[in-house]
Each structure stands twice: as structure tokens, then as C-alpha cells.
Amino acid sequence: MPSLGADMESGKLVEWLVKVGDPVHRGDIVAVVETPKSTVEVECFDSGTVQELLVEEGQKVPVGTPLATLGAGAGAAAEPAVTSEPMTAEPVAPEPVAPEPVAAEPTVASAPPLVGHPNGGAAPTRVRVSPLARRIAEEEGIDLATVRGTGLGGVVRAEDVRRATRHTHPAVVREAEQATAPRATQPPAVSPVAERPAADMRSSIAALMTVSNREIPHYHLTHTVDLDRAIRWMKERNRELEMSERLVPAALLLAAAARAVRAVPELNGHWADGGFRPATDVDLGLILSLRSGGLLVPVIAGADRLSVEEMMARTKELTRRARAGRLRGSDLAQPSISVSNLGDQGVESVLGVIYPPQVALVGFGAVVDRPWAVDGLLGVRPVVTVTLAGDHRATDGSTGSRLLKTIDRLLQAPEEL
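Residues numbered from 1 in each chain as written. Predicted model: local features only at pLDDT ≥ 70, side-chain atom pairs only at ≥ 80, totals over all residues. Heavy atoms only, no water.

(A) Quick look at the sheet that holds strand 7 (residues 68–71). Sheet architecture is open: 3 strands sit in the order 2-5-7, paired in antiparallel fashion. Every other strand in the sheet has two partners, leaving strand 2 (23–24) and strand 7 as the edge strands with one partner each. For strand 2 and strand 5 (residues 48–53), the ladder comprises 2 bridges, and the chain directions are antiparallel. What sits directly across from Val24, in strand 5, is Gly48. (Pairing = 2+ DSSP bridges. Helix = DSSP H or I, 4+ residues; strand = E, 2+ residues; numbered from the N terminus.)

(B) Layout of the nonpolar core. Grouped together as the largest cluster of nonpolar side chains are 82 residues, with contacts concentrated most on Val362, Leu403, Ile407 and Leu411. Broken down by element, the residue count for this core peaks at 10 residues, all from helix 6 (residues 249–263). Those residues within four positions of Leu411 in sequence are excluded, and the remaining contacts are Val225, Leu227, Ala230, Leu252, Leu253, Ala256 and Leu417. With 11 residues, the next largest nonpolar core counts Val129, Ala133, Ala158 and Val161 among its residues. (Core = buried A, V, L, I, M, F, W, Y, C linked by side-chain atoms within 4.5 Å. Buried < 20%, exposed > 50% of the residue type's maximum accessible area, 1.4 Å probe, protein only. Contact = heavy atoms within 4.5 Å.)

(C) A look at helix 5 (residues 228–238). For helix 5, the full list of buried residues reads Asp228, Ala230, Ile231, Met234 and Asn238. Each buried residue of helix 5 sits inside an arc of 170 degrees when the element is viewed along its axis, so together they form one side. Of the surrounding elements, those touching the buried residues of helix 5 are strand 8 (218–226), helix 6, strand 18 (377–391) and helix 8 (397–411). (Arc of directions from axis to C-beta.)

(D) Up close: the sheet that holds strand 6 (residues 60–62). What the 4 strands build is an open sheet, ordered 4-3-1-6; its pairing is antiparallel. With one partner strand each, in any of the chains shown, strand 4 (39–43) and strand 6 form the two edges of the open sheet. Going from strand to strand, the sheet's axes swing by 40 degrees on average, the running direction of each strand aside. Note that strand 3 (residues 29–34) and strand 4 share 5 bridges and pair antiparallel. Looking at the pairing, Val33 lines up with Val40 of strand 4. (Axes fitted to C-alpha atoms, helices over the stretch in contact; angles between N-to-C directions.)

(E) Looking closely at the packing of helix 6 against helix 8. Contact geometry of helix 6 with helix 8 gives a least axis separation of 8 Å together with a crossing angle of 130 degrees. In terms of orientation, helix 6 and helix 8 fall into the oblique class. Taken as a pair, helix 6 and helix 8 cross one another with a handedness that is right-handed. Within the contact between the two elements, helix 6 uses Leu252, Leu253, Ala256, Ala257, Arg259, Ala260, Val261 and Ala263 and helix 8 uses Leu403, Thr406, Ile407, Leu410 and Leu411. For the contact of helix 6 with helix 8, the residue count by class is 11 nonpolar, 1 polar and 1 charged. (Parallel < 35°, antiparallel > 145°, perpendicular 65-115°, else oblique. Left-handed = near helix turned anticlockwise from the far one by under 90°. Nonpolar A, V, L, I, M, F, W, Y, C, P; charged D, E, K, R; others polar.)

(F) Focus on the pairing of strand 7. Burial along strand 7 is two-sided: Ala68 and Leu70 and Thr69 and Gly71, pointing in opposite directions, are all buried. Bridge analysis of strand 5 against strand 7 gives 4 bridges, and the strand direction is antiparallel. Along strand 7, the bridge assignment pairs Thr49 with Gly71.

(G) How the structure looks around the environment of Val339. By the element assignment, Val339 lies in strand 15 (residues 337–341). For the pair Val339 and Leu288, spaced 51 residues apart in sequence, the C-alpha separation works out to 9.5 Å. For Val339, the residues in contact, after removing those within four places along its chain, are Leu254, Ala257, Leu284, Gly285, Leu286, Ile287, Val362 and Phe364.

(H) View of the environment of Val156. Positionally, Val156 belongs in the loop between helix 1 (131–140) and helix 2 (158–165). Take Val156: its relative accessible area is 0%, and that puts it in the buried class. Val156 sits 11 residues away from Ala145 along the chain, and the two C-alpha atoms are 10.0 Å apart.

(I) Quick peek at helix 6. The end-to-end C-alpha separation of helix 6 is 21 Å, in line with the 21 Å expected for 15 residues at 1.5 Å each. Counting buried residues in helix 6 gives 11 out of 15 residues, a clear majority hidden from the surface. Those residues of helix 6 that sit buried are Ala251, Leu252, Leu253, Leu254, Ala255, Ala256, Ala257, Ala258, Arg259, Ala260 and Val261. (Expected span 1.5 Å × (residues − 1).)

(J) Expanded view of the environment of Gly390. Topologically, Gly390 is positioned in strand 18. According to the relative accessible area criterion, Gly390 is buried, its value standing at 0%. For the pair Gly390 and Val353, spaced 37 residues apart in the sequence, the C-alpha separation amounts to 8.9 Å. Gly390 has contacts with Pro217, His218, Tyr219, Ile354 and Val359, leaving out every residue within four places of it along the chain.

(K) Structural view of the pattern of salt bridges. If you walk through the whole model with that rule in mind, you get 22 salt bridges. Where Arg328 meets Glu43, a salt bridge forms, and the shortest distance between an N and an O atom there is 3.9 Å. Placement of the pair is Arg328 in the loop between helix 7 (308–323) and strand 15 and Glu43 in strand 4, with a sequence separation of 285 residues. Accessibility classification places Arg328 together with Glu43 in one group, the buried group. Three or more residues are tied together by salt bridges with common partners; here these are Asp226, Asp228, Arg232 and Arg381. (Salt bridge = Lys/Arg side-chain N within 4 Å of Asp/Glu carboxyl O.)

Here you go:
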């Protein structure tokens, strides 16, 4: 069971997407795990053949519990390599194959999939469907018997259902009817099923923040940065980019923060066993608010090595998948430092709470026009307030101020990001 957050102690294996005897490759999605914050697709850490499934569907187990064993087989090394290591996440995914509608499929079973015998065996084949795909199909009225799965072993995944929705389908008619129907005067009631995950997430966040406030001696610093050069450079750069690739100020801010953290490594790492452990890479945690309530913190791995354009693309992808409930285990690896950007909410300053075991959190407010003096002349400039929440056990205000000044310096030369 992979660790999908500092506060995660256990997880429930919702569904296996493989069975005994299946060949798997590094990066294949093999299972779906439910945590207090979200439902996550778990990727395989190695290549081989599934020898044994050690955890049953619906079973809740502690982090680190072995989920399955692999042996040599298709895609594996020549030497047998049975392992009981947990299936942790890797950021590699197989290339999707376009699904083809079929006239008929076996009946979809909501019961756990049948597990074949390694030496073969006769058992009726059942279509396997990921939880997210089943939920989307129910919402859209999709008959899963008409959808061909493109996942490992024919598993029907969410993207397969979404593709089917785009074909001629009753859901299209419903959307047209909804567009012409009178708007409801009262908001729709929230079902208990939808309320439970939100409540679980809030409880999880509350528990983690309580630990943070109790155990971490916070200090906070604030610095205002003139963004005039950065905004002008961004507008010039956007003239050269396609509409879908155009930059927003957040991409500049995140890129500058990642480079600055690389330059001030004392704030990049974790507090563990009574001491600071520096991280080898800048894995930036992006704090995202969900429309249903609560927060997720997917990670941008190696963020200090990304260009502004790459940072923009990665941020958009993570945000889209987080809000669609399609994050993978590799997206929720432990960040080395997190960033809270509430500028799009109009907030001008963020006094953050550190996510343990990290030792710092950078906050960005809204970009606003303010009177600003340059070379003795007063004008109006776009500025942003940058804040730092630091852990006094690991650093002090002098170190934190170096980080904020480094962010400022980098934003004055945006073409170098």
C-alpha cells in the first residue's frame, strides 16, 4: 500500500485491475486505492507476471503492506524476481489505445473479478470496470456492455466511458434538454454518499493541521515583489504561443519558487527523527482546492528543472486530473516543499500552515496594481505578496528571507526561468 500523503496511515483497496497470471509492465495501472482524501490509481513499480494478490478488494490495510507479488514473465527480466514490496507509484503510463464500440459484451459484474489459476482454469470472463469509470457511466447513463475497455486485460477505464459519451448517445439528448430547461431556483441537494468523502477529507486535513500547529514552531515572513518586467515578458511570450499554451502569472511564480528553493536548500526537505533531512530534488507540492471542498496536494516532480512553459502545462494537467478524480499514486508522492497560490481567489497574502514533515510553505497572493516607486519616481506597478511559513527547528528568518529575495531576483529576469 503506497503512502499517498504524510497523514495517510492506511488505505482501502477498492478494485484490482489485474488478476493472477496477467503480464504487467512498469507504469501499468494495476489497482484503485481509496484514501480519506481521494480515490487514486496505483501504478506498478516493475514488470513481470502477477503471481499472487495479497490483499482482497474492499480490504483496508496499513501503508507499506504488500499488495501483490510479481514473478518473471512477459516484460520481466530473465531471472525470477518475486517481491513483496508494495506497489509504489512511477510517473510512467502506457500509451492509450483508442477504444472501438462493440455490438455486445459480457454482462458487467459489480462483484469482484474472477481470479484465474496460474496454471490455467475454466471460468467465465467478466468485464472489469474501474470505480471512476463505473461512476461516470452511471451519471451519463452509459451501458458498459457497449464500451470496450483499453486498460490492462480489457479493463474499462474512465477515458473509455468519456469517449463513448462523445458518440451518439442518450446523454447528448439529456444535455440538450438541460440546456433548454428552466433553471432550478433551489440548489440540488447533496446526497449522503457525496457528503461522506468531503467529511472524511475535512477530518483528515484537520488532523494533519492540528499536528502541524502543535509540533511545528512556525515563523512567517512577507515580501512584496514588483512584477512589471515579468508580466511584460509574459505578454510578449504569449504572442508566440498557441492559445491553449499561453502563460498565466502563476506559472512564472511557481517556476521562480522552484528555482529559488534549489538555491536555498535548507528549506527543501523534511523533518524526521529529530533532524532535518534535505531532499535531493525540488518536488513542489501544489495545494489545490476541490470544487467539492477540501484540499489535495499533488506533486510536480523535479520542478526546478522545468521551464515556465513546462510548468504551465504540468500545472494545468495536475489541476484537471485532481478535480476530475483521476490522480495517480505518483502524483501524490511526498513533496519536498509546498506552494499555496490563492491569487485567483483575490487573496492578497497567504499565512500558510506547513504540511509535515516538510519544513516550509511558500504562499502567493493576487497580482494587484499598486503605487510603486522606481528610481525616485512614483508609478503604478503590478505587484504580488510572497510569504513564507518556516519551521524554526530547521531554519530561521535569515534563511527564509534569502528564499524570498531569491524569488524576487528571479522574477526580475523572467527570460532566464
